[in-house]
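What follows is the residue order along each chain.
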Amino acid sequence: MSNVIDTLVPKVGVITGITDETPDVKTFKVNAPEGGKLFEHMPGQCAMVCVPGVSEGMFSITSSPTNKEFQEFSIKKCGSLTDTLHSLQVGDMITVRGPYGNNFPVDTVFKGKNLLFIAGGIGLAPLRSVINYCIDNRDDYGRIDILYGSRSADDLVKLKEIQEVWMNVPNVNVYLTIDREQEGWDGHVGFVPAYLEEIGFSTDCIGIVCGPPIMIKFVLQGLKKLGFTDDQIYSTLELRMKCAIGKCGRCNIGNKFVCKDGPVFRFDQINELPPEY
């Protein structure tokens, strides 16, 4: 019971760093007041971030558990809570509670396998924790392919880390694309699902997908065309989580609660849900 209570009680977090990722995404580095992390988590889990007196919301923890110093949240400005978060400075305090939800099966199903990560826009944020966990435990996994696209080069989250770290790790292949031609961009231009089919990945891997619903829909179709089956594709539905403890019912669909049964699902599990999902 104490574990449940631990996740319900908000912990005071100090913002110790802020990185401007894109025009509307900032990454917040958060520590406990005495230093160190607020709590331990696994890749894919979420936390409730609160600005007292304003609001609270569910966000992916975007740093890997292998980071022992701090936790990070990459947050897109898109409402009153996120507007307020974007106005905060280093040294300001917030509260955080968690971790919530299940995690990607990095220590079981993924172990020893080739992995294909496909992300669109801010969808890279929830996958970053998983990617860095796999990179920090590199010998436990096979080939790692990362396909990431955004509206423009300016909207690519964590571009510096992608170019300076991920692209230099053995047996990690990164494919970047942007939706439209842009001055100064000499990389691939086009939507993620089309680029996926163009590259034509082999099916000897597990696919992990995150991004806007319309992107996920077409990426799934692309993966199916390449020969992937639903039971080798994972995604996270954390955007649908509200209270995180199965009480508000906002994420209930069929016999599942995203917060209690997810947010990480295999696509054959998602296909069992009613069509409105």
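Residues numbered from 1 in each chain as written. Predicted model: local features only at pLDDT ≥ 70, side-chain atom pairs only at ≥ 80, totals over all residues. Heavy atoms only, no water.

A. Region of the structure containing the pattern of salt bridges. Under the definition given, this model contains 15 salt bridges. Measuring nitrogen to oxygen at the nearest pair gives 2.9 Å for the salt bridge that ties Glu21 to Lys158. Taken together, the residues span a long stretch of sequence, with Glu21 in strand β1 (residues 11–22) and Lys158 in the loop between β8 (144–150) and α4 (159–164) at a distance of 137 residues. Summarising the burial analysis for this pair, Glu21 and Lys158 share the class buried. A salt bridge links Asp24 to Lys76; its shortest N-O distance comes to 3.1 Å. Here Lys76 lies in strand β5 (residues 71–76) and Asp24 lies in the loop between β1 and β2 (25–31), a separation of 52 residues in the sequence. Looking at Asp24, the relative accessible area reads 17%, which means it is buried. Through salt bridges with shared partners, a single ionic network connects Asp24, Lys76, Arg151 and Asp155. (Salt bridge = Lys/Arg side-chain N within 4 Å of Asp/Glu carboxyl O. Helix = DSSP H or I, 4+ residues; strand = E, 2+ residues; numbered from the N terminus. Buried < 20%, exposed > 50% of the residue type's maximum accessible area, 1.4 Å probe, protein only.)

B. Inspection of the domain arrangement of the protein chain at higher detail. Split into domains, the protein chain comes out as domain 1 (11–100) and domain 2 (114–238 + 257–271). One C-alpha centre belongs to domain 1, the other to domain 2, and the line joining them spans 23 Å. Contacts between domain 1 and domain 2 engage 22 residues on the former and 19 residues on the latter. Along the contact surface separating domain 1 from domain 2 lie 3 salt bridges. Between Glu72 and Arg128 there is a salt bridge; the shortest N-O distance is 2.8 Å. For the side of domain 1 that touches domain 2, the leading source of residues is β5, giving 3 residues. Classifying every residue of the side of domain 1 that touches domain 2 gives 8 nonpolar, 10 polar and 4 charged. (Domains from an automatic or database assignment. Contact = heavy atoms within 4.5 Å. Nonpolar A, V, L, I, M, F, W, Y, C, P; charged D, E, K, R; others polar.)

C. Spatial organisation of the packing of aromatic side chains. Enumeration according to the criterion identifies 4 aromatic pairs in this entry. Ring plane angle 40° and centroid distance 6.3 Å describe the contact between Phe104 and Phe110, whose orientation is recorded as tilted. The same class applies to Phe104 and to Phe110, which are both buried. Centroid distance Tyr175 to Tyr195: 6.3 Å. Interplanar angle 80°. Geometry classified as edge-to-face. With Tyr175 in strand β9 (residues 172–178) and Tyr195 in helix α5 (residues 192–199), this pair connects stretches of sequence that are 20 residues apart. Looking at Tyr195, the relative accessible area reads 11%, which means it is buried. Members of the aromatic cluster, each reached through a chain of ring pairs, are Phe104, Phe110 and Tyr234. Directly above the ring of Phe70 sits Lys29, whose terminal nitrogen or CZ lies 4.7 Å from the centroid. (Phe/Tyr/Trp six-rings, centres within 6.5 Å; stacked < 30°, edge-to-face > 60°. Lys NZ or Arg CZ within 6 Å of the ring centre and 35° of its normal.)

D. Region of interest: the state of the cysteines. For the structure on display, the rule yields 0 disulfides. Free cysteine: Cys78, not disulfide-bonded; nearest cysteine sulfur from Cys210 at 14 Å. Left unpaired, Cys248 is separated from the closest cysteine sulfur, that of Cys243, by 3.8 Å. (Disulfide = S-S within 2.5 Å.)

E. Examining the pairing of β2 more closely. Burial runs high along β2: 6 of the 7 residues are buried. Sheet topology places β1 next to β2; 7 bridges connect them, and they run antiparallel. Looking at the pairing, Ile18 lines up with Phe28 of β2. Taking the residues between adjacent antiparallel strands as the criterion, β1 and β2 are bridged by 2 residues. Where β2 meets β5, 6 bridges bridge the pair, whose relative direction is antiparallel. Considered in β5, the bridge of Lys26 is made with Ile75. (Pairing = 2+ DSSP bridges.)

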